[in-house]
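Here's the letter readout for the chains.
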Amino acid sequence: MKEVTLALVGNPNSGKTTVFNNLTKTHQYVGNWPGVTVEKKEGTCRYNDYHIKVVDLPGVYSLTAYSLDEIIARDFIVEKRPDVVVDIVDASNLERNLYLTVQLLEMGARLVVALNMMDEASERNLRIDVERLSSRLGVPVVPMVASRNRGTEELLKKVVEVGEKKDPVEPFKVVYGRAVSYTHLTLPTICSV
């Protein structure tokens, strides 16, 4: 059986815990990160011939390492180098959530974006071009509705595909001009109302 370590990261209230529960079902345990009282959740799941260890990192808006949660998330990704990092993104609040995504790409994380809450985005009349977003980010993007367990199978498929790759990841380069902007990720080209 092949092994893959998967780290879940995302903004608070993006559905990260729901995705974790969908993946691990009853194969999970809760403890604390070493030396701190911040909760640590780990679990396992199986997909085809893979045994997947799932680590649920604290919910963060960025990896700037100002808060204990940010330090824990950043250090795990940088030091433990999980095989795959799944960034849970709230599709109904794409602009705020993509800030963390870009930081993960700049770090060279082996990334899959789980575009969660697609139902809420639809209710707000937001239409997201998933293929174009994936192309612009250079990573797989999986549309999901975790609250209804939709997209979990597709997410596992992408996790295994990305986890199989062993070649080094080229960190994402953002060119910061006079005004800080993500010119090649402008939302009007990906998302419309």
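Read on for a plain summary of the structure. (Residues numbered from 1 in each chain as written. Predicted model: local features only at pLDDT ≥ 70, side-chain atom pairs only at ≥ 80, totals over all residues. Heavy atoms only, no water.)

A few words now on the pairing of strand β4 (residues 50-56). Along β4, 6 of the 7 residues are buried, which leaves the element largely enclosed by surrounding structure. In terms of strand pairing, strand β1 (residues 2-10) meets β4 through 7 bridges, oriented parallel. In the sheet register, Glu3 faces β4, and the bridge partner there is His51. Sheet analysis places strand β3 (residues 39-47) next to β4, joined by 7 bridges and oriented antiparallel. Its bridge partner lying in β4, Glu42 is registered against Val55. Linking β3 to β4, which pair antiparallel, is a turn of 2 residues; within it Asn48 sits at a positive phi near 50°. (Buried < 20%, exposed > 50% of the residue type's maximum accessible area, 1.4 Å probe, protein only. Helix = DSSP H or I, 4+ residues; strand = E, 2+ residues; numbered from the N terminus. Pairing = 2+ DSSP bridges.)

Attention now goes to unusual backbone geometry. Phi at Asn48 is positive, roughly 50°, even though this residue is not glycine. Take Asn48: its relative accessible area is 60%, and that puts it in the exposed class. Look at Asn149: it is not a glycine, yet its phi comes out positive at around 60°. Mapped onto the secondary structure, Asn149 falls in the loop between β8 (141-143) and α6 (152-164). A relative accessible area of 39% means that Asn149 is categorised as partly exposed.

Next up on the list: helix α3 (residues 94-107). With 14 residues, α3 extends 20 Å between its outermost C-alpha atoms, agreeing within 8% with the 20 Å of an ideal straight helix rising 1.5 Å per residue. Within the span of α3, buried status applies to Leu94, Asn97, Leu98, Leu100, Thr101, Val102, Gln103, Leu104 and Leu105. Immediately beyond the C-terminal end of α3, within one or two residues, lies Gly108, with a positive phi of roughly 80°. (Expected span 1.5 Å × (residues − 1).)

Next up on the list: helix α2 (residues 68-80). Relative to the 18 Å expected for 13 residues at 1.5 Å per residue, α2 spans 17 Å between its end C-alpha atoms, a close match to the ideal helical length. When α2 is considered as a whole, its buried residues turn out to be Glu70, Ile72, Ala73, Phe76 and Ile77. Along the axis of α2, the buried residues cluster in a sector spanning 170°; they form a single face. Two residues or fewer after α2 comes Arg81, characterised by a positive phi angle close to 45°. (Arc of directions from axis to C-beta.)

With that out of the way, let us pick up the sheet that holds β3. Reading across the sheet, the 7 strands line up as β2-β3-β4-β1-β5-β6-β8 and stay open at both edges, with mixed pairing between neighbours. Unpaired on one side and paired on the other, β2 (28-32) and β8 mark the two borders of the sheet. In this sheet, neighbouring strand axes are inclined to one another by 25° on average, regardless of whether the strands run parallel or antiparallel. The pairing of β2 with β3 spans 5 bridges and is antiparallel. Residue pairing across strands places Tyr29 opposite Glu42, the latter belonging to β3. The strands touched by helix α1 (residues 16-24) within the sheet are β1, β2, β3, β4 and β5 (84-90), with β3 carrying the most contacts at an inclination of about 40°. (Axes fitted to C-alpha atoms, helices over the stretch in contact; angles between N-to-C directions. Contact = heavy atoms within 4.5 Å.)

Bringing the nonpolar core into the picture now. Membership of the largest hydrophobic core comes to 34 residues, with the highest contact counts inside it found for Leu57, Val85, Leu104, Leu115, Leu133 and Leu137. The greatest single-element share of this core, amounting to 6 residues, is contributed by α3. Grouped together as the second largest cluster of nonpolar side chains are 24 residues, Tyr47, Ala114, Met144 and Leu155 included. (Core = buried A, V, L, I, M, F, W, Y, C linked by side-chain atoms within 4.5 Å.)

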